[in-house]
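Tertiary structure, described
Below are the chains, spelled out letter by letter.
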Amino acid sequence: MSLSKDRLEKIEEFEKSIGYSFNDKALIDVAFTHSSFTNEARVKTKSNERLEFLGDTVLDMVVSEYLFKSYKEKPEGWLTRTRSRIVCTDSFAKASEKFDLTKYLRFGMGEKKQGGKLKKHVKADTFEAMCAAIYLDSSYERLFQFLRDNYREEVLEIINDDSMFLDYKTRLQEYYNTHSKKNLSYELIKEEGPEHDKTFTMEVRLGNRPLAQGCGKNKKTAEQMAAKAACELIDND
């Protein structure tokens, strides 16, 4: 199906912003089509969900190769932890914001009214889909170059911030592995705020005994903060 004049102009605007022109405009059109749009569309059209799947896999490979070649003295554990900090919803959402990707995303009316373009996971998914579109339209090497040229500084900031690599959950688990036979668990206590800007409170428990609570913009961060608070209680005991 051919693109409308308005849609084509929107895509060309995006292409200018990233310095890449798609040979197959339909690819980036699909990358910028949310599933809510396809659910409400009168004519059959594709959403970006399959491209998200591919983009996630390709980005994992790009980051793995970059870390492997750039940090030759680092052990496997460091490479794995570092990759997990880069290949995640938070960093992909920020990467999406650099070019305001959700500005070009087609939504269904319901999702649009609910502030879909502001949701972190939607931003991250759109970034993954966009990267998959570049990969399919050109090559792995071209995508690698695009990411290196546009996101190298952001990646280095993540890598060089040692505080981001303090895995309090692992530290807490290792402590109780030697001090207790009971299992650690994390429970959601509450979530507050609008859909696009929620704050989560998680509680870490040893068996049925609450240890500490922590807050964050996503559940994983809140779990780390809860584990951190529990570690501090142990250190101060």
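All residue numbers here refer to positions counted from 1 along the written sequence of the relevant chain. Local features are withheld for residues below a pLDDT of 70 in this predicted model, meaning they are given only at 70 or higher, and side-chain atom pairs are given and counted only at 80 or more; totals for whole chains, interfaces and linings count all residues. Side-chain measures here rest on the full set of heavy atoms in the structure, leaving out hydrogens and waters.

Identification of the protein chain as Ribonuclease 3 from Anaerococcus murdochii is taken from an unreviewed UniProt entry. UniProt positions are given in the numbering used here, feature names are shortened, and annotations may be inferred rather than shown by experiment. Under Subcellular location (unreviewed entry), UniProt gives the following word-for-word description of the protein chain: "Cytoplasm".

**Digging into the sheet that holds strand 1 (residues 184–192)**
Read from one edge to the other, the open sheet built from three strands follows the order 1-2-3, with strand pairing classed as antiparallel. Of all strands in the sheet, those with a lone pairing partner are strand 1 and strand 3 (209–216), marking the two edges. Within this sheet the neighbouring strands show an average axis-to-axis angle of 25°, counted without direction. Alignment of strand 1 against strand 2 (residues 199–206), held across eight bridges, turns out to be antiparallel. Paired with Lys-190 across the two strands is Thr-201, which belongs to strand 2. The strands that helix 10 (residues 168–179) touches are strand 1, strand 2 and strand 3; relative to strand 1, the one it contacts most, it runs at about 145°. Should any heavy atoms of two residues lie within 4.5 Å, those residues are counted as being in contact. To get an axis, fit a line to the C-alpha atoms, keeping to the stretch in contact for a helix; angles then go from 0 to 180 degrees between the N-to-C directions. Here a strand is any run of E in DSSP of at least two residues, a helix any run of H or I of at least four, and the numbering for each starts at the N terminus. In the packing of helix 11 (residues 219–236) onto the sheet, contacts are made with strand 1, strand 2 and strand 3, and the angle to strand 3 comes to roughly 130°. A pair of strands is labelled paired if DSSP reports no fewer than 2 bridges between them.

**Some words on the UniProt feature "active site" (unreviewed entry) in the protein chain**
Sequence positions flagged by UniProt for "active site" (unreviewed entry) are, in local numbering, Asp-56 and Glu-128. Taken along the chain, the residues just named run across 73 residues; in space they keep tight, none of their C-alpha pairs more than 5.7 Å apart. Positionally, Asp-56 belongs in helix 4 (residues 49–70). Residues in contact with Asp-56, not counting those within four places in the same chain, are Val-87 and Glu-128. Within the secondary structure layout, Glu-128 lies in helix 8 (residues 120–137).

**A closer look at the pairing of strand 3**
The sheet contact formed by strand 2 and strand 3 spans seven bridges and is antiparallel. Note on strand 3: the bridge partner recorded for Glu-203 is Gln-213. The antiparallel pairing of strand 2 with strand 3 creates a hairpin that spans two residues between the two strands, and Gly-207 there sits at a positive phi of about 65°.

**A closer look at helix 9 (residues 140–160)**
Expected span of a helix, by definition, is 1.5 Å for each gap between consecutive residues, and there is one gap fewer than residues. Compared with the 30 Å implied by 1.5 Å per residue over 21 residues, the 26 Å span of helix 9 between its first and last C-alpha is markedly short. Of all the bends found along helix 9, the most pronounced is centred on Tyr-151 and spans about 70°. The secondary structure elements touched by the buried residues of helix 9 are helix 1 (5–18), helix 4, helix 5 (76–86), helix 6 (89–98) and helix 8. Two axes are fitted around each residue, one to the seven residues ending there and one to the seven starting there, and the angle between them is reported as the bend at that residue.

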